Amino acid sequence: MFLCLADINGNKIILSMVVLLVVFLYRVIVNIIHSVQGYHSKTIHFLNVAFDSSGDSLLAGDRQGNIYVFDLNGNRFNLVQRTMQACTALAFNLHRKTEFLVALADYSIKCFDTETQELVSWMRGHESSVSSISVHESGKFAITTSTDTAQLWDLDTFQRIRKLNVRQSVGIQKVFFLPLSNTILSCFKDNSVFAWEFDTLHCKYQLSAPVEGFVLFYKVFAVTRNGHTLVAGGKSNHLHIWCLELKRLIRIIQMPEKVRAVRHLEFLPDEFDGGSNQVLGVLSQDNVMRFINIETCKLLFDIGSPEDGISTAVISPNGRYIASVMENGSLNLYSVQALTQEGNKPPPFMFKVVEDGPKYTSEANKLITKVTSGRSKEPWKSKQSKIQSRLLKLQANTSLENKENELRGGLNKKRLQALLKEFGEYPAKYRMFVWRSLLQLPENHLAFSSLIDRGIHSAFVNIQKEYPIKSGKLLRVLQRTLSALAHWSAIFAETPYMPLLAFPFVKLFQNNQLICFEVVATVVVNFCQHWFEYFPNPPFNVLGMVENVLAHHDKELLQHLIKYNVTSQVYAWPLLETLLSEVLTREEWLKTFDNIFSNHPSYFLMIVVAYVICSRAPLLHCNQAADFEYFFHHRNNVDINVVIKEAYHLMEATPLDIHPQHMLDDFTPLTKGQYPVFNKYPVFIVNDQAQKWEKIRQDEIEYLRERQLAHESEAKAQEQKAEDEAWYRKQKLLQEAEEQRRKILLEEEKLAEQSQRLAVVKRELKAKELQLLDVSRRCFLNYQQDQLQMELKRLDDEIARKVAEENLAKAEQKHTDTDWRLHQQRRLRRDDQEQEKRYREIVELLHDNRVKEAELLKAMRETEEKKQEDVVQNKAQLEEEQKVAAAVDGHRKQFLDGKRNDELKLAEKLQREDGHFEGLHNLKARCPERGVEVHQVPRPGNIYLNDLSTLASSPHKNVFAPRDGTDRRRAELARQEWELMAEVRQLRRRLASRAKARHPPAHFPATTWSS
C-alpha cells in the first residue's frame, strides 16, 4: 500500500512527501520535507514534534512557526496555526484533546485549538527560552522549564500556580511529572535531583550522589511508564539507572565507544510490560539513535546515520511509531514493528576479541554493564530504505560551439535567453538560482567573512536616521552589506546613492548576506561601469551615452526636454542610481533584471532610454521642471513589457558609433578566492573627502566629549546646589524645632501648675464629700434612734392597753413591724439613690481629673518625640515629673488610706453605739484581701480609662455605699472583664500557633516554591 497525505485546507505551502512502500522490511514509513515556493526554492526545517495521547496524531512545528497536525490513520495533514516565530517545545496530550501547547522564541507559551484554529490562551512569565513542557497524567496541569526557572500552570484557568526559584549559580536541566503519581521531579545543573509532592510542593526526597569516581553531570532524562525507574545521561557514554522506589543508583550502563555524549533519552512503550519499560532509545552525538535493553544490555536496533543524522526523536504512547527530526530539517516516521522484526533477525557468525576495559573501583565495577550487540555489527542497509530525492535541473547543452555560454548548475546562457524571450521572465521558483548562475558568483566565504569582521563602517552607523526601515533585520542586513562594500572600496563609503542602489538586492537576499554582497558587487563592477570617474559628480560620460541614444531615436522628445532645461541628470540619473526601483513594482523590477542580467551591461542603459521613450506621451505634456522630477521619482503607468521590447529594439537599431556596447566592457564575474581591486574613481578626491569626513567626525566626537563634560559639571553644580539647599532647610527646621521645644516647655510648666491646682481641688472635694457623708450618716442614725424610741413607747402603750387582747396585739404588732420595714426600705432606697448620685459626681470628677492627667502625659510624650536632639535634658525633666507625679499619687494614697482608717474607726464607734450596721465588721476583713488593688498606684504614662473601672470596683466604694449587693454586681463585672481579656489572649495564641503550623520554615536553601 502507499501512504498519501493531503492538505485539507488547500494551503499554498507545499509539503513534498517522499513516499515509500510500507513493508515490514522497510523501516522508514514516510519522509516529510517542507519546501516553499518563492524567489528561490528552499527547505524549512522542522524543529519539534509531539504525539497526542492516542499516538495516532502527530504535531510538528517548523522554524517559521507553522504548526501542522498529521493524521496517521486518515493519511492527511492540516496547517493549524502560523505563529510567525520558531517553536521551542510542543505538548499535545492535554485533557481537551483538540488543544495543544507551543512554546515560542519570545519566551511565551500559547494554547491553540486544532479544530477552530483559534488562540485559547497566552501564558507569559519566562525570561528565557522554554526547553520542555511536561503535562500531568490528567492533562489539567503542565510544567514549563527554562534554564532559570520552572513554572506550574493550571490548564483549566491557564493561571500560574507556583514558580520554582533557584539560585543564580544553580541552573535547571529539566522539571517534569512522574507518570502514575503526584510527584514532580526536578533535575538541576549541579547534578542534584529532588522529588516534590504535587499537592503541597513539599520535598519528598533527594537522590543521593552517584558512586564516587562516576559523577556524571546529567543533561537528559527518561522515566518508565510506571514511574519506578529513572535513566540519566550526559557528556559521557555512561547511563545511570536509578530506582526511584529505593532512591539509589542500581546500575551503570556503558554505551559503545562511538558514543561520547548522550543528547536524548526515551523509553519505547510496550503494551505487555505493565509500564516497566525495558527498551531505551539513546540518541548520541553522532546523530544515531540506538535502542538497547536495559536489563540484558543488548543493542537491539538503531536508526539514523552520521550522514543522515537525527536531531531529536519522539516515540508515540502506543509504541507503534517513532517520529524523528533529521539534521537536514526533514521529518522521518519509523515503524517500530518493522524495526523490532529487523532487530530480531538471527545474527551472522561473529568473531570477537576480549579486550581489557578501563579499570574501575570495586563498587562501581559491580554496577557497570557494557552494551553488547544483539545483532550483526554491520548497519542494516537496503536500496529500498534510501530516500531518493530528485533535483529539477535544466538540461545542459554540452555542445562545443556553446561551451562559452555554459554556466554553473548545468545551465546554458543561450538557452536561458531563449527561454526569457519566450516567456518574458524566469520562473519565480528558480529565479534566484538562475541569477546566481548568470552572475557567476564566486561565493568567497573567507573573503566576505574578513570584510564582515571589520564591523560596521563609520559612514553607516546612523543609517537608520536617513533611511528609517521598519524591519530591524532588513536594516541590519543593509548596514552590514554597505559596510562590507565600504571596507572593500573606500568610494562606496562616500557614495550617497549606494543605499538606494543596494536596497532592492538586500530585500531579496536578506537571508543570505554573502550572496547579497556579491550580487551588489557584481552589479557595481559590470552594470555601473564608469560611474565613479567624475565623483562626486554624476557620471557625465554614461549620461552622455544615454542622451546620444535618445537623440538618435527620439529627437522630438529630447528637444522638448532641452526646451524646459531638463537634462540627463533629471530624466536618466534617478533611474540609474536607484536601478529603476522607484518607478517599477516588485514584479516589474524582477522581470526587468531578468533581462538585464541575461544581456550585455549596455542593455541596462538601453532600458533607461526605452523607459523614457515609452513615457514620451506624458512627458510631452509636462512643462515644469518639478513635474519632470516627480515623474522620474514615482511609479507611472508604463507597460514594462513594452519597455523591454523597446530596449531590445534599441540594442539592435542603435548605430555602432554611439552604441554603449562599444564603450562598456563585457560582463566580468568576480574573481574566485579574493575579490578584485576596485579603484576606478578619483582616488585623491575620495581620500580628501574621507579625510574631511574623518576630521568632521573627530570634531563631532570632541564636541560630544566637551558637551558631556559640560553636562557633568552642570550636574555636579546642580547637585551641590541641592545639597546646600537641603542644608539650609535642615538648619531652618532645627531652628523651628527649637522654638517649638521652648513653647512646649512653657506649656508643660502651665500644665504642671494646673495639675497642682487640680490636686488641691481634688483634696478639698474629697474632704467636703467625707464631711457631707459623715453629717448625713449621723442624721440618719439620729433619725433611726428617734424612730426606735417612738416605736418602743408606742408599743409599751399598746401592750398596756391591750394586755387582754394578746392575739390582736400580735397581729397589730406584725402589721406595725411590716410598715416599719417598708418605711425603712423606702428610706434606705432614697438614701442609696442620693448616695449613688454623689458617688457618680465623685467618679466624674475623678474621671475628668484622670483624662486631664492623660492629656498631660500625652503632651509630654509628643514633646519627648520632638526633642530627640536634647534627649538627656528631656529625660531628666521627665524623671522629675514622674517623681512629682509619684509623690502626688503617694500623697493621695496616704490621704485615702488615712481617710479609710478614719472611716473604719468611725464605723466601729458607730457599731458600738448601734448594732444595726453589722456589715461594717467585714470591712476590715475585705480590705487586706484587696489591699493589692489599693496599693497599686498607676505609673505616669500608663494611665488608661480602664483605671476608672478599677477604682470604681476598689474597696473605697464601701466608704460611700456599704451595701453588699452593689459590691457583688461590680465584682461580677470586673470578673467578666478579666475573663474576656483572658479569652482574647488565648485566641491570639491559638491564631499564632495555627499560622506557624500552616507555614513551616523551609529546609532546602537551594530551591523554594513561591506563589
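Fair warning: this is a prediction, and the values are worked out from it, not measured in the lab.

Peer 1: Even after reading the chapter, I still don't get the overall build of the protein, so can you show me in this structure?
Peer 2: Along its length, the protein carries 27 helices and 34 strands. Here the protein holds 1011 residues, and the buried ones make up 42% of them. Taking the contacts inside the protein whose residues are at least 6 apart along the sequence as the reference set, 58% of them involve residues at least 24 apart. Here the protein has roughly 57,200 Å² of accessible surface; of this, 53% comes from carbon and sulfur atoms.

Peer 1: Just to check I follow, could you spell out the pattern of salt bridges for this structure?
Peer 2: Note that side chains of opposite charge can pair when their charged atoms are close. According to the stated counting rule, one finds 22 salt bridges in the structure shown. The partner of Arg741 in a salt bridge is Glu738, and the shortest N-O contact between them spans 2.4 Å. Here Arg741 pairs with Glu738, and both are found in helix α20 (residues 683-801), just 3 residues apart, close to one helical turn. According to the relative accessible area criterion, Arg741 is buried, its value standing at 13%. The salt bridge partner of Glu979 is Arg975, with a shortest N-O separation of 2.4 Å. Of this pair, Glu979 and Arg975 are both found in helix α27 (residues 964-998), 4 residues apart, which corresponds to roughly one turn of the helix.

Peer 1: Explanation requested: helix α4 (residues 431-439) in the structure shown.
Peer 2: Because each turn of an α-helix spans 3.6 residues, side chains separated by three or four positions in sequence point in the same direction. Burial analysis of α4 places 7 of its 9 residues in the buried class, which makes it a mostly covered element. Along α4, the residues classified as buried are Arg431, Met432, Val434, Trp435, Ser437, Leu438 and Leu439. The inward-facing, buried residues of α4 abut α3 (413-423), α9 (498-508), α10 (513-527) and α15 (586-597). Following α4 by one or two positions, Gln440 adopts a phi angle in the positive range, close to 50°.

Peer 1: Just checking my understanding: could you explain the nonpolar core for this structure?
Peer 2: The nonpolar side chains of soluble globular proteins are, as a tendency, buried together. Of all hydrophobic cores here, the largest spans 104 residues; its most connected members are Trp435, Trp488, Phe505, Trp531, Trp589 and Phe597. Those residues in contact with Trp435 that sit more than four places away from it in its chain are Tyr426, Phe505, Leu508, Phe509, Trp589, Leu590, Phe593, Asp594 and Phe597. Ile29, Phe70, Leu72 and Val314 belong to the second largest nonpolar core, which has 19 residues in total.

Peer 1: Just to check I follow, could you spell out a positive patch on the surface for this structure?
Peer 2: A cluster of like positive charges, contributed by Lys42, Lys473, Arg476 and Arg480, occupies part of the molecular surface. Ranked by residue count, the leading element in the positive patch is helix α7 (residues 472-488), at 3 residues.

Peer 1: In this structure, what is going on with empty space enclosed by the protein? I would like to understand it.
Peer 2: Scanning the model with the defined rule gives 6 cavities of 30 Å³ or more in all. Roughly 80 Å³ of volume is contained in the largest cavity. Every residue along the wall of the largest cavity is listed here: Ala759, Lys762, Arg763, Lys766, Val888, His891 and Arg892. Among the secondary structure elements, those contributing two or more residues to the lining of the largest cavity are α20 and α22 (871-913). Ranked by residue count, the leading element in the lining of the largest cavity is α20, at 4 residues. Across the lining of the largest cavity, the residue classes break down as 2 nonpolar, 1 polar and 4 charged.

Peer 1: What's the story with the sheet that holds strand β19 (residues 193-197) in this structure? I'm lost.
Peer 2: Hydrogen bonds between backbone atoms are what pair the strands of a sheet, whose relative direction is either parallel or antiparallel. Spatially, β17-β18-β19-β20 is the arrangement adopted by the 4 strands of the open sheet, whose pairing is antiparallel. Each of the sheet's edge strands pairs with one partner strand only, and the pair in question is β17 (172-177) and β20 (203-206). Across the sheet, the axes of successive neighbouring strands diverge by a mean angle of 20°, strand direction being ignored. Here 3 bridges tie β19 to β20, and the two strands are oriented antiparallel to one another. By the bridge assignment for β20, Phe194 is matched with Gln206.

Peer 1: Could you clarify how one ought to interpret unusual backbone geometry in this entry?
Peer 2: If a residue is not glycine, its phi is most likely negative; likewise, a peptide bond is most likely trans. If you check the backbone angles, Asn287 has positive phi at about 65° while not being a glycine. By secondary structure assignment, the location of Asn287 is in the loop between β26 (279-284) and β27 (289-293). Look at Gln440: it is not a glycine, yet its phi comes out positive at around 50°. Its location among the elements puts Gln440 in the loop between α4 and α5 (445-453).

Peer 1: What should I look at first to understand the pairing of strand β8 (residues 76-82) in this one?
Peer 2: Two faces belong to every sheet, and in a regular strand the side chains alternate between them. Summarising burial for β8: 5 of the 7 residues are buried, a large majority. Joining the antiparallel neighbours strand β7 (residues 66-71) and β8 is a turn of 4 residues, in which Asn75 adopts a positive phi near 55°.

Peer 1: Could you clarify how one ought to interpret the confidence of the model for the protein in this entry?
Peer 2: One rule of thumb: low pLDDT means the predicted coordinates there are not for detailed reading. A residue-level look at the protein finds 80% of positions with pLDDT of 70 or above and a mean pLDDT of 79. The low-confidence segment residues 375-403, where pLDDT is below 50, has 38 contacts with residues more than four positions distant or belonging to other chains. Across residues 916-963 the pLDDT falls below 50, and counting only partners more than four positions away or on other chains, this stretch makes 78 contacts in the model.

Peer 1: Help me understand a negative patch on the surface, please; the structure alone is not making it clear to me.
Peer 2: Negative charge collects at one region of the surface, where Glu719, Glu723, Asp724 and Glu725 lie side by side. Note on placement: Glu719 falls in helix α20.

Peer 1: Looking at this structure, how should I read the side chain of Asp154?
Peer 2: Positionally, Asp154 belongs in strand β15 (residues 150-154). Arg96 provides the closest opposite charge to the buried, unpaired Asp154, separated from it by 7.6 Å. Leave out the neighbours within four places in its chain, and Asp154 touches Lys140, Phe141, Gln159 and Ile161.

Peer 1: How should the sheet that holds strand β12 (residues 119-123) be read in this particular structure?
Peer 2: Read from one edge of the open sheet, 4 strands run β9-β10-β11-β12, paired in antiparallel fashion. Each edge of the open sheet is held by one strand with a lone partner, namely β9 (87-91) and β12. Within the sheet, the average angular offset between the axes of one strand and its neighbour, ignoring direction, is 20°. With 4 bridges joining them, strand β11 (residues 109-113) and β12 adopt antiparallel strand pairing. Paired with Phe112 across the bridge in β12 is Leu119.

Peer 1: Got a minute to help me understand the environment of Gln85 in this structure?
Peer 2: Tracing the chain through its elements places Gln85 in the loop between β8 and β9. For Gln85 and Leu104, which are 19 residues apart along the polypeptide, the C-alpha to C-alpha distance reads 6.6 Å. If we ignore the near neighbours within four places in the chain, the residues touching Gln85 are Arg63, Gln64, Gly65, Leu104, Ala105 and Asp106. A polar side-chain atom of Gln85 sits 3.2 Å from the main-chain amide nitrogen of Asp106.

Peer 1: Explanation requested: the packing of aromatic side chains in the structure shown.
Peer 2: Applying the stated criterion across every chain, the model contains 38 aromatic pairs. Ring geometry for Phe141 versus Phe198: centroids 5.0 Å apart, planes at 70°, classification edge-to-face. Placement of the pair is Phe141 in strand β14 (residues 141-146) and Phe198 in the loop between β19 and β20, with a sequence separation of 57 residues. Between Phe505 and Trp589 the ring centres are 5.3 Å apart and the planes differ by 65°, which places this aromatic pair in the edge-to-face class. Separated by 84 residues along the polypeptide, Phe505 in helix α9 and Trp589 in helix α15 bring together distant segments of the chain. Given the relative accessible area of 0%, Phe505 is considered buried. Site record: aromatic cluster; members linked through ring pairs are Trp435, Tyr497, Phe505, Phe527, Trp531, Trp573, Trp589, Phe593, Phe597, Phe604 and Phe667. Here the guanidinium or amino end of Lys110 rests over the ring plane of Trp122, the centre of that ring lying 4.1 Å away. When the ring centre of Tyr205 is taken as reference, the NZ or CZ atom of Lys247 above it lies at 4.7 Å.

Reading guide: rules and limits
Residues numbered from 1 in each chain as written. Predicted model: local features only at pLDDT ≥ 70, side-chain atom pairs only at ≥ 80, totals over all residues. Heavy atoms only, no water. Helix = DSSP H or I, 4+ residues; strand = E, 2+ residues; numbered from the N terminus. Buried < 20%, exposed > 50% of the residue type's maximum accessible area, 1.4 Å probe, protein only. Contact = heavy atoms within 4.5 Å. Areas by Shrake-Rupley, 256 points an atom, 1.4 Å probe, with all protein chains shown as cover. Salt bridge = Lys/Arg side-chain N within 4 Å of Asp/Glu carboxyl O. Core = buried A, V, L, I, M, F, W, Y, C linked by side-chain atoms within 4.5 Å. Patch = residues over 30% accessible without salt bridge, like charges linked within 9 Å, V, L, I, M, F, W, Y side chains within 5 Å. Lys, Arg positive; Asp, Glu negative; His and termini not counted. Charge placed at Lys NZ, Arg CZ, Asp CG, Glu CD. 1 Å grid on protein atoms, 1.4 Å probe; cavity = no way out; pocket = protein on both sides within 12 Å on 5 of 7 lines; lining within 4 Å. Points joined across faces, edges and corners; volume = space filled by probe spheres on them. Nonpolar A, V, L, I, M, F, W, Y, C, P; charged D, E, K, R; others polar. Pairing = 2+ DSSP bridges. Axes fitted to C-alpha atoms, helices over the stretch in contact; angles between N-to-C directions. pLDDT = per-residue confidence, 0-100. Polar contact = N/O pair within 3.5 Å; in protein donor to acceptor, adjacent residues only side chain to side chain. Phe/Tyr/Trp six-rings, centres within 6.5 Å; stacked < 30°, edge-to-face > 60°. Lys NZ or Arg CZ within 6 Å of the ring centre and 35° of its normal.

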